Amino acid sequence: MFLFQEALLDRIDFFVGGFSLYLAFFMAWIMQDERNSAVTTGFIAGFILDLSPTLEAPFGLWTLVLTGMSYILATNVRAALDSELSPVVMTAVTVFGSSIALILFLLFGTILGQDVGSGAYVTQEIIGNALWALLLSPIYIPVTIALYRGTLTARNR
Amino acid sequence: MANRGTNRTRLLWVSLLVTSLFLITLDLRGVSLISSIRNGTQSFLAPIQRVGSNFLSPISNLFEDITNLGRTKSKIDALRAENESLKSQLILNENAVGELEQLKGVLDLAGKARFKVVSARVISKGGTGTFGETIVLDSGTNAGIKRDMTVIAASGLVGVVKSTTATSAVVLLMSDPSFRIGVRVAGSQDMGILSGEGEGKFSLRMLSATGQIKTGDVLLSRGSSGDKPFVPGVPVGKVITVDNATGQLTKQGRVQGFVDLNALGVVSVVIGNIGGNPGDALVPQAPRPAPTVTIFVTPTPTAKE
């Protein structure tokens, strides 16, 4: 997913902001995951995102954000929802989760002294990402569900 | 039992958070291992990005094309006339022609300034989640490209090389929020600092209280010691608005860059400056209007018969 994002998606000039399929995929995956493995998945996903050579932020920032979010999503948010996740709920959580992850990344980045650009630019990026995450959810949500189910053993199912 | 499971998860979560903070600390302290990891990733990604670039180049500007559809339609009639003459050029790939144009332009600029350059194709750019404005080039240290070298396009400055591998280089675009460059106003030579603000927007702050700017002023790079990171005299942008608010110590304004940073195909990295400071020689010339031929006809009286 990271390679797909870096090699293909980042080349596309989206009309408003951009789209991080990697983040959306991560959020949809975590929602289905069991608590312990969700936290580990969050750490690994953040570490991989930190490997991006075009990233200006300190190494470990995405790891921190996604590890933090994975726990909150897998415990608090998951507990507040029905056990059977409907695609609509998954889309809503994915869109809001991606936006909050971006906001947290910016917030921690600013605290660590990173230049984040003007308010208009940041808002456009976050709203653009949310918009594309919403519009493209009929494509990536079923794929994520199918992939996640594919990784489960017969006993887990 | 469930409580034990929750505690174990919480313990794991806290350990991983501490590990993340440890990684951040290592990076902020400048541990070279961390930057080596990112460079290693870039070496691994470069060939994949190159393939992705070739695959996506015809559709990467799809959304831009769609939004320009209305304006494009009005040009169709004019383009139809040109179509016949262009047919002969269709042997070449459309994309290659575009890149060739950009390459020609950038080499013209470099030649005028007597810069020694290495040209490279743009194979990727920084995406959402990085909040940075960067591009990736398909040439690196093997071609002589090093960190802190100036990157230019046909119309002027693009950015500066941020990191390199043997076969690729990451360029920080001038629109990145962390980008700062010393500039001077062509003609008056007043100096200022230009800052990127993301999405092709720039702000300018003059250095001295006496420094004056006006709409339309052309800004050139001031140059750095040893030409790193910036060679002097490269066109940077044009002042579009001047902030005349009272209470400011120095003049401020908004600037429009000369280069369209969203449409970069080929750029050049300045690896040497043979000619020294080109002064104002690279200031873009306004297009000259074509001369109009006016014919005066004076009727001569004919002899009466």
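In this text the structure is predicted, and so the values were computed from the model without any measurement. (Residues numbered from 1 in each chain as written. Chains lettered and ligands numbered in written order. Predicted model: local features only at pLDDT ≥ 70, side-chain atom pairs only at ≥ 80, totals over all residues.)

1. Overview of the overall build of chain A
Put simply, the rule is: Each helix corresponds to a stretch of at least 4 residues labelled H or I by DSSP, and each strand to a stretch of at least 2 residues labelled E; elements are numbered beginning at the N terminus. Between the buried cut of 20 or more and the exposed cut of 12 or fewer other C-beta atoms within 10 Å of a residue's own C-beta lies the partly exposed class, and all C-beta atoms are placed from the backbone. For every residue pair, C-beta atoms are placed from the backbone, and the pair is scored as a contact if these atoms sit within 7 Å.
Per the secondary structure count, chain A includes 7 helices and 0 strands. Counting from the amino terminus, helix and strand elements in chain A follow one another as α-α-α-α-α-α-α. Buried positions account for 48% of the 157 residues belonging to chain A. For chain A, restricting intrachain contacts to residue pairs at least 6 apart in sequence, the fraction spanning at least 24 positions comes to 73%.

2. A few points about the overall build of chain B
Regarding its fold elements, chain B presents 5 helices and 12 strands. Long-range pairs, those at least 24 residues apart, make up 62% of the contacts in chain B between residues at least 6 apart in sequence.

3. Some remarks on the sheet that holds strand E7 (residues 191–196) of chain B
Residues and elements named next belong to chain B. Formally: For two strands to be treated as a pair, DSSP must find no fewer than two bridges joining them. A fitted line through C-alpha atoms represents every axis, and for helices the fit uses only the stretch in contact; the resulting angles, taken between N-to-C directions, go from 0 to 180 degrees.
Ordered by their spatial adjacency, 6 strands build a closed barrel running E6-E7-E8-E11-E10-E9, and the pairing between neighbours is antiparallel. Each strand axis lies, on average, 40° off the axis of its neighbour in the sheet, ignoring direction. With 3 bridges connecting them, strand E9 (residues 218–221) and strand E10 (residues 235–243) associate as antiparallel partners. For Leu 219, the partnering residue across the bridge sits in E10 and is Gly 237.

4. A closer look at the nonpolar core
Filter applied, for reference: Joined through C-beta atoms within 7 Å, a set of buried Ala, Val, Leu, Ile, Met, Phe, Trp, Tyr and Cys residues constitutes a nonpolar core.
By size, the foremost hydrophobic cluster in this structure holds 54 residues, and its most contacted members are Leu137(B), Ile152(B), Val158(B), Val171(B), Leu219(B) and Val267(B). Excluding residues that lie within four positions of it along the chain, Val171(B) makes contacts with Thr134(B), Ile135(B), Leu137(B), Val151(B), Val158(B), Gly159(B), Val160(B), Val161(B) and Lys162(B).

5. Things to note about unusual backbone geometry
Residue and element names in this part refer to chain B. Geometrically, the link from Lys 228 to Pro 229 is a cis peptide bond, its omega value of 10° lying close to zero. For Pro 229, the location among the structural elements is in the loop between E9 and E10. Notably, Asp 148 is not glycine yet its phi reads approximately 65°, a positive angle. Inspection of the secondary structure puts Asp 148 in the loop between strand E2 (134–137) and strand E3 (150–153).

6. Describing the pairing of strand E12 (residues 266–273) of chain B
Residues and elements named next belong to chain B. Of all the 8 residues making up E12, 6 are buried; the element is thus mostly covered by neighbouring parts of the structure. Alignment of strand E1 (residues 115–125) against E12, held across 7 bridges, turns out to be antiparallel. Looking across to E12, one finds that Ala 120 is bridged to Val 267. Relative to E12, E3 is paired through 2 bridges, and the arrangement is antiparallel. Its bridge partner lying in E12, Val 151 is registered against Val 269.

7. Section: the interface of chain B and chain A
To keep it simple, the criterion reads: Amino acids outside the nonpolar list (Ala, Val, Leu, Ile, Met, Phe, Trp, Tyr, Cys, Pro) and the charged list (Asp, Glu, Lys, Arg) are all regarded as polar, and Gly is one of them.
In this assembly, 47 residues from chain B lie in contact with 48 residues from chain A. Listed by contribution, the elements that provide at least two residues to the side of chain B that touches chain A are helix H1 (2–28), helix H2 (32–56), helix H3 (62–67), E1 and E2 of chain B. A breakdown of the residues in the side of chain B that touches chain A according to their chemical character gives 18 nonpolar, 22 polar and 7 charged.

8. Brief notes about the sheet that holds E1(B)
Residue and element names in this part refer to chain B. Here we have 6 strands rolled up into a closed barrel, ordered E1-E2-E5-E4-E3-E12, and antiparallel in their pairing. The average angle at which neighbouring strand axes cross in this sheet is 45°, direction not considered. Looking at chain direction, E3 and strand E4 (residues 156–164) are connected through 4 bridges and run antiparallel. By the bridge assignment for E4, Thr 150 is matched with Val 160.

9. Digging into the environment of Val77(A)
Residues and elements named next belong to chain A. Relative to the helices and strands, Val 77 resides in helix H4 (residues 61–80). Classification of Val 77 as partly exposed rests on a count of 15 C-beta atoms within 10 Å. Separated by 46 residues in sequence, Val 77 and Met 31 place their C-alpha atoms 8.5 Å apart.

10. Thoughts on the confidence of the model for chain A
Short version of the rule: Confidence scores here are pLDDT values: one per residue, from the predictor, ranging 0 to 100.
Averaged over all residues, the pLDDT of chain A is 83; the fraction at 70 or higher stands at 96%. Ranking the elements of chain A by mean pLDDT puts helix H1 (residues 2–7) of chain A last with 79 and helix H5 (residues 87–111) of chain A first with 89.

11. With respect to helix H3 (residues 35–50) of chain A
This is how it is decided: Multiplying 1.5 Å by the helix residue count minus one yields the expected span of that helix.
For H3(A), built from 16 residues, the straight-helix expectation of 22 Å at 1.5 Å per residue is met to within 8% by its first-to-last C-alpha distance of 23 Å. Regarding H3(A), the residues found buried are Arg35(A), Ala38(A), Val39(A), Gly42(A), Phe43(A), Ala45(A), Gly46(A), Phe47(A), Leu49(A) and Asp50(A).

12. Some words on the pairing of strand E8 (residues 201–206) of chain B
Residue and element names in this part refer to chain B. With burial as the criterion, only one face of E8 is covered, namely that bearing Phe 202, Leu 204 and Met 206; the residues Lys 201, Ser 203 and Arg 205 on the opposite face remain uncovered. As paired elements, E7 and E8 share 5 bridges and run antiparallel to each other. Paired with Gly 192 across the two strands is Met 206, which belongs to E8. Relative to strand E11 (residues 252–257), E8 runs antiparallel, the two being bridged by 5 bridges. Counterpart to Ser 203 in the pairing with E11 is Arg 254.

13. Description of the environment of Val270(B)
Residues and elements named next belong to chain B. Topologically, Val 270 is positioned in strand E12. A residue is classified by how many C-beta atoms lie within 10 Å of it, and Val 270, with 24 of them, is buried. Not counting residues within four places of it along the chain, the set of residues in contact with Val 270 comprises Phe 115, Val 117, Met 149, Thr 150, Ile 152 and Val 231.

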